[in-house]
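Survey of secondary and tertiary structure
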Amino acid sequence: MNFLNLFKPKKSYMCPLMNTNLHFTSRNTLEPCCSANIGPAFVEKLSEKESIKSFVKTKKKYIEMLKHGEIPKGCTDCVHLQDYQPVSDLRINKITLNHYTQCNCACIYCTQANRTLEKIKEDMNKPVLFDVLKFINELYDNDLIDTEKLYIDFQGGNISCLKNHEEIIDTFMKRGVGTIYIPTNNIVYMPLIENLLKMKKGEVCTALDAGCRETYLKIKQVDKFDKSVENLKRYITATGNDAVIVKYIIVNGYNDNLDEMKLFTDKMLEIGVRTIVVDIDYRDIIDGPFTIPKHYYDLVHHAENVCRENNMVFDIPPYTRSVLEKGFSSK
Ligand SMILES: C[S@@+](CC[C@H](N)C(=O)[O-])C[C@H]1O[C@@H](n2cnc3c(N)ncnc32)[C@H](O)[C@@H]1O
Ligand code: SF4
Ligand code: SF4
């Protein structure tokens, strides 16, 4: 042991997600972040919870721990961990709604549940786990939300299958919200999304993952490629393409070939999509060590080049970017 280390001042850390995010999960828990692949730092069971106050208190404790150089086990190696900087406003500015799993398709990669068409039918009849509005209203009532910046991320199953989605969106719109982000398979056209886009309060993101019907069917297990593309086009025609994002998740053995990616980018150009995100199936990244196959980079570079040449926006989520840069995932 080097005794001099005992006298070294400990490094201070912070995590912007821990500071200001809130994640309602389908595991019936409340968590401080939704880093998707790692963590979280701590978990609180939601069952029988009447108030969100104890969660806010625990969160403060963890913020202090990081500040004093103690990294919680769940945060080790997380890309969101940073050197400490003082932050004056610790009100919630991002809420992830992941408390429901009901969906109208069955993506083979879906991390929400083991997706089969039978499971999807079963899920449809299940009640939603808990009422998020009780907790959200409590946060608003106690000035614990930054109403201007608040970013809502509707993860979960598919929003069209969440029975009280209108009431939830109405609450945010009435009480104050910055942006409502809606990832959706886009199988059902929703006038409510069109309105949010028109009011510049919404963003919609669809993981199409394919450039043709056949591949889409293999991945999503429903024959809805044309419907989903038609609905994307409808939103773009009605509201412009600023807030319509389309994603391609590279799924090993299904769509990890350049021909499919080319069909996909051609389709994006045809319907006027402006923002493309490329991701990697999280199962590869989190299920154990995974070496990124060389041809994945060809797909990524093709999408990136098409975006550059056509003045479109290209993005890769932060954790996937770090794995692509390293060439492997090590979990
Ligand atoms: C669980 S879905 C719920 C929202 C909506 N049904 C959708 O698919 O867009 C939330 C997000 O997680 C992404 N996702 C789910 N499983 C994934 C996986 N194995 N790898 C990468 N992204 C995944 C989906 O593409 C979607 O953007
Ligand atoms: S460091 Fe990572 S795991 Fe920890 S709270 Fe932040 S985002 Fe979550
Ligand atoms: S559309 Fe979304 S929730 Fe439904 S199966 Fe696919 S990834 Fe999962």
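Procedures and definitions
- Residues numbered from 1 in each chain as written.
- Chains lettered and ligands numbered in written order.
- Predicted model: local features only at pLDDT ≥ 70, side-chain atom pairs only at ≥ 80, totals over all residues.
- Near = placed C-beta within 6 Å.
- Nonpolar A, V, L, I, M, F, W, Y, C, P; charged D, E, K, R; others polar.
- Buried ≥ 20, exposed ≤ 12 C-beta atoms within 10 Å, placed from the backbone.
- Helix = DSSP H or I, 4+ residues; strand = E, 2+ residues; numbered from the N terminus.
- Arc of directions from axis to C-beta.
- Contact = placed C-beta atoms within 7 Å.
- Domains from an automatic or database assignment.
- Pairing = 2+ DSSP bridges.

Now for the site of ligand 2. Of all residues adjacent to ligand 2, which total 15 residues, the nearest are C15, C33, G39, C75 and C78. Residue classes in the shell around ligand 2 are distributed as 11 nonpolar, four polar and no charged.

Our next topic: helix α6 (residues 191-198). Those residues of α6 that fall on the buried side of the exposure criterion are I193, L196 and L197. Along α6, the residues classed as buried sweep out an arc of 100° about the axis, all on the same side. Looking at the buried residues of α6, the elements they touch are β8 (179-183), β9 (202-207) and α8 (225-239).

This part takes up the site of ligand 1. Residues in close proximity to ligand 1 total 19 residues, the closest being Y109, N158, P183, A207 and Y282. Listed by contribution, the elements that provide at least two residues to the shell around ligand 1 are β10 (244-250) and α10 (282-286). Residues of the shell around ligand 1, tallied by class, amount to seven nonpolar, eight polar and four charged.

Attention now moves to the domain arrangement of the protein. As assigned here, the protein comprises domain 1 (11-83) and domain 2 (209-331). Centre-to-centre separation of domain 1 and domain 2, based on C-alpha positions: 30 Å.

Read from one edge of the open sheet, 10 strands run β4-β3-β2-β6-β7-β8-β9-β10-β11-β13, paired in mixed fashion. Unpaired on one side and paired on the other, β4 (44-45) and β13 (313-315) mark the two borders of the sheet. Pairing between strand β3 (residues 29-31) and β4: two bridges, direction antiparallel. The residue of β4 that forms the bridge with T29 is K45.

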